[in-house]
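Structural overview for review
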Amino acid sequence: MTEIPKTYDPKEAEQSHYARWESEGYFAPEINKDPDAPVFSIVIPPPNVTGSLHMGHALQHTMMDVMTRHKRMCGYRTLWLPGMDHAGISTQLVVSRELKKEKLTRHDLGREKFVERVWQWKAESGGQITKQIRREGASVDWSRERFTMDEGLSRAVREVFVRLYEEGHLYRGARIVNWCPTDQTVLSDLEVEKTPQSGQLYYLQYPLKDNSHHLTVATTRPETMLGDTAVAVHPNDERFQSLVGQTVLLPLTGREIPVIADEYVDPEFGTGAVKITPAHDANDWEMGVRHGLPQVFVIDQNARMTTDAGPEFEGLDRYKAREKVIEKFQELGLLEKVDEYEFSISKCERCKTVVEPLISTQWFVRMDEMRDLALDLKREEGKPRFVPESYEKVYTNWLENLRDWTISRQLWWGHQIPAWYDEEGNVYVARDEAEACAKAGTDKLTQDQDVLDTWFSSALWPFSTLGWPELTEDLRTFYPTTVLVTARDIIFLWVSRMVMEGLKFTGKEPFQDVFVTGTVLDKHGQRMSKTKNNGIDPLEVFDKYGVDATRLALASIGSTDTRWNDKQVESYRNFANKIWNAARFCMMNAESAESSVNAFDGDRANLPLHDRWILSRLNKTARDVNAALEKYDFHEAVQTLYHFFWDDFCDWYIELTKANVTAEEPSAERTIARARLIWVLEQSLRLLHPFMPYLTEELWQRLPVKHGELLHAAYTRAAPTIMLAGYPQPDAELIDERAESEMRAVIDLVSRVRNIRSEMNIKPGDRVPVLIGAADDRLRTAFTENTDQIARLARASAVSIGAQLEAPRASARAALAGGAELAVPLEGLIDFEQERARLQKDIDKLQAEATKLTAQLANPQFVDRAPAEKVAEARERIADITARISVLTETIEAFK
RNA sequence: GCCCGCUUGGCUCAGUGGUAGAGCACUCGCUUCACACGCGAGGGGUCAAUGGUUCGAAUCCAUUAGCGGGCACCA
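First things first, this report covers the structure right here in the doc.

Calculation criteria
Residues numbered from 1 in each chain as written. Chains lettered and ligands numbered in written order. Predicted model: local features only at pLDDT ≥ 70, side-chain atom pairs only at ≥ 80, totals over all residues. Heavy atoms only, no water. Buried < 20%, exposed > 50% of the residue type's maximum accessible area, 1.4 Å probe, protein only. Helix = DSSP H or I, 4+ residues; strand = E, 2+ residues; numbered from the N terminus. Pairing = 2+ DSSP bridges. Right-handed = clockwise from strand over helix to strand, strands pointing away. Near = heavy atom within 4 Å. Polar contact = N/O pair within 3.5 Å; in protein donor to acceptor, adjacent residues only side chain to side chain. Phe/Tyr/Trp six-rings, centres within 6.5 Å; stacked < 30°, edge-to-face > 60°. Contact = heavy atoms within 4.5 Å. Core = buried A, V, L, I, M, F, W, Y, C linked by side-chain atoms within 4.5 Å. Salt bridge = Lys/Arg side-chain N within 4 Å of Asp/Glu carboxyl O.

1. A closer look at the pairing of strand 22 (residues 481–486)
- Burial analysis of strand 22 places six of its six residues in the buried class, which makes it a mostly covered element.
- When strand 22 meets strand 23 (residues 511–516), the two strands line up parallel, connected through five bridges. Across the sheet, Val483 pairs through a bridge with Asp513, a residue of strand 23.
- Read from strand 22 through helix 15 (residues 491–506) to strand 23, the crossover connection turns out right-handed.

Structure, rendered in structure tokens:
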């Protein structure tokens, strides 16, 4: 056993175990043979097939894996379904960029060849992602891996489209939309990002037709004036009362346009008069509809001016046109002024091009019915439940203001819209071309060239991946899923849409809970992003500190934003090493300890204190960790495990049993001590496993235990793995407050002696006598029964215990809780001055607390109104503190 | 403009009504036969500010300030 290295090398464990877990089928729900097993299911938020995984993915995957492994060990039939998203725009952009290197455009290839090329690219990039997910240790069921463009999922997409159409929720029409001139496609409102921008506000004068007056309008986009079809003022604005209904002669075009009144106009802003360009501004478009204004298209899909913009402008880029319009106004003396102005501008989320609002024929979904389904579910049943709760408001507020969803995209990569047109332009929406032909009564049909928004298919993910629209066994078993884990930035884009579509098409919510993770920020508190190039690659962190350590660091982040800190991971790397070495110690001393299943069986009341204590601590840990995981409190779970293992198990339990465990001669005592040590270690490894899968499996496999007997009942026929061992559940009978309090006294005693040794500069190797006085029988018994351990841990030459402390004057002393006293005789070594100072420090600390407590108890309000239990507690504490103060004071007096 | 979150030791963060916590960093001492990625002992915080509720507030409420995020508007 001595061949176990002193330092844990994560690489080795990370290489071997995953492949075995996967090939043994441990990740698949079928491994669970209990027909009555409860079900836990979760679908992965499908990463974009374009990207590589970033820290945010690693964070989410850690949370999901912890939950899945935990539930699996608890005997649940678990499914964590993996997959990827085809990510329409991003992917098309990436592949187009590749083509550009070959001096080709997608148009050179043509649609079919281009899409083929994307599939090739997907195979490569997707392979990278699945590799990364495996590296994370994610216990996903690869046999159920899905891709949003799989045949099955595509079928679900068409089915949903057809049903929405047939029920009248879909329409195709010309509306004002967000157009990206670079990507040449429409974007939904959610795919547009607003960025602040400093620019100019131009004040343009429009003369009235009769030339009696002029109106001044303010605009940030002068070039759109070429498409103006009205000037609007507020109906109650007295300045313009007389002008409403008059006609303005639009400069540069000579067109006559009316002055109209509309409530939308803010009289306070600009001049109070607004130019209206229905074809190139969303608000103006709406106003145009209200007032029946004509639409004059002056900017085309390439963001260049059209013929209708006039011969001087035709063909100009929108920004060039802006300059020219300003120039002309200046020449005509119609440019009143130009102000510097801060405003925000809409950009394409993907390529950052400034979006051009255009009128275009697109497919839209009316969201009212689905929105109401989601809102009702929230109102009536509180589903889904958000953790943290604060996101519920964000979710419902957004739903309440939901507008129609633009779902067509002018791309090639995606689900082609299942709509066909005949030669007259009539539309036939169908599940496939044959059905469309049947409906049309002709086979001379052309399919709509557009594809659907990526999020259209993502919205179906929780059920399309399980076989919908077929009522498959998987769908029946795993839907609704248990919980969705996600980052907050896709609550609208994705979460809300899944709820709406899920309710609409399956009649059930797609998940019961939504757990929203925090965000990993860089060390300056900035979001990690590709453009800022401040991201940290999880793979590099894995290489440096190990996957398990990284997972612990990520799990502790929970749902608050946290600045990334290597030091944190390093400390968990150290923790992993600590576990490794604790196990190493146990195994180095395991001979003859091939343990029975429970080394603590038998008369538990007669176990030694440290055994009763560790059982109590272990069961409390199991209780707290299970409870923390139930409420998605990963931070709490990690802290509980960390401190149990390091503080309780390593610092105290191992040290307390060390004498027995390492005894030279074999004995029944030695055997049982060894078996118990291994038993506690084994339980600890199970508790840690969901967080640290590799290390725990590596060690567990090496333990001298009967592995097969440790599996959860649901997995009895599986080849042994800690993955399928039962997750420790608390046994209330083993939680022993008396043992814990007695052990605390022992620990306190040892710590006080060590403190004296350290403060008095006693050499680590020197042994000193320790004298203890404890009037309390129970305490005295506890000390007496643990004399050997106390001597060992305090490095005492002898420990003598009596009801009264009898110690020479030249001793260092301490007063313990419970009225116990302690002295370390230091004849010839003691510096009375120093000892007085040390004691005075103790007294001061106690005195400060006593003062507070005395004041509290002197307050009749406290005694009357505070719970009796709190008052009693305060009384006990003050009594104890007073006793200790008087002991210490007497000691100091004696030194004088 | 509206909404949400954060502000706790040098740093990163827990704690959410009853004695201020952890890890890292810092100081001192240790090759104590699992571990120096370690062991032992320490120092360090008026819990952003003000006001209120309460016997009692880091914790609940209000206001303010700073930081971060979201939504809307932006002629």
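2. Observations regarding the protein's contact with RNA strand B
- Every one of the 62 residues lining RNA strand B counts as a neighbour, but Ala218, Thr560, Arg584, Asn755 and Arg865 are closest to it.
- The protein-proximal atoms of RNA strand B, defined as those within 4 Å of the protein, are 67% sugar or phosphate.
- Contacts to RNA strand B include Lys658, whose side-chain N or O atom sits 3.4 Å from a base nitrogen.
- Separating a phosphate oxygen of RNA strand B from a side-chain N or O atom of Asn755 is a distance of 2.3 Å.
- Looking at the surface near RNA strand B, the element that brings in the most residues is helix 18 (residues 566–588), giving 11 residues.

3. Describing the packing of aromatic side chains
- For the structure shown, the criterion picks out 31 aromatic pairs.
- On the basis of an interplanar angle of 65° and a centroid distance of 6.2 Å, the ring pair of Tyr18 and Trp21 is categorised as edge-to-face. Of the two residues, Tyr18 and Trp21 both sit in helix 1 (residues 10–23), three residues apart, roughly one turn of that helix. In terms of burial, Tyr18 and Trp21 fall into one category: buried.

4. A few points about the side chain of Glu356
- Residue placement: Glu356 occurs in strand 14 (residues 356–365).
- Among residues more than four places away in sequence, those in contact with Glu356 are Val177, Asn178, Trp179, Pro181, Arg221, His280, Ile299 and Arg318.

5. Thoughts on unusual backbone geometry
- Geometrically, the link from Val387 to Pro388 is a cis peptide bond, its omega value of -5° lying close to zero.
- Here Pro388 shows up in the loop between strand 15 (385–387) and helix 10 (391–400).
- A cis geometry characterises the amide bond from Trp468 onward to Pro469, with omega recorded as 10°.
- Considering the arrangement of structural elements, one finds Pro469 in the loop between helix 13 (461–464) and helix 14 (473–478).
- The backbone phi angle of Ala87 is positive, close to 50°, even though this residue is not glycine.
- Among the secondary structure elements, Ala87 is positioned in the loop between strand 3 (83–84) and helix 3 (88–101).

6. A short note on the nonpolar core
- Membership of the largest hydrophobic core comes to 210 residues, with the highest contact counts inside it found for Phe456, Phe649, Phe691 and Phe783.
- Residue contributions to this core peak at 14 residues, all from helix 20 (residues 634–661).
- Counting residues in hydrophobic clusters, the runner-up holds 29 residues, among them Leu208, Val233, Ala321 and Ile326.

7. Some thoughts on the sheet that holds strand 20 (residues 446–447)
- Spatially, 19-18-20 is the arrangement adopted by the three strands of the open sheet, whose pairing is antiparallel. Two strands in the sheet have a free side with no partner beyond their single neighbour: strand 19 (427–429) and strand 20.
- Bridging between strand 18 (residues 419–421) and strand 19 involves three bridges; their strand directions are antiparallel. Of the residues in strand 19, the one forming a bridge with Ala419 is Val429.

8. Overview of the sheet that holds strand 6 (residues 185–187)
- Sheet architecture is open: four strands sit in the order 6-5-14-16, paired in antiparallel fashion. Taken across any chain shown, the strands that pair with only one partner, and hence form the sheet edges, are strand 6 and strand 16 (405–406).
- As paired strands, strand 14 and strand 16 are joined by two bridges and run antiparallel to one another. Note that in strand 16 the partner of Val365 across the bridge is Trp405.

9. What to know about the pattern of salt bridges
- This model, assessed by the stated rule, comprises 63 salt bridges.
- Across the salt bridge formed by Lys352 and Glu193, the nearest N and O atoms sit 3.1 Å from each other. Residue Lys352 is located in the loop between strand 13 (335–348) and strand 14, and its partner Glu193 is located in strand 7 (residues 192–207); the two are separated by 159 residues in the primary sequence.
- Given a relative accessible area of 26%, Glu193 falls into the partly exposed group.
- Residue Arg738 pairs with Glu742 through a salt bridge whose shortest N-O separation is 2.8 Å. Residue Arg738 and its partner Glu742 are located together in helix 23 (residues 737–759), separated by four residues, close to a single helical turn.
- Assessed through its relative accessible area of 45%, Arg738 is described here as partly exposed.
- Here the salt bridges share partners, and the residues they tie into one network are Glu159, Arg163, Glu166, Arg431, Glu435 and Lys439.

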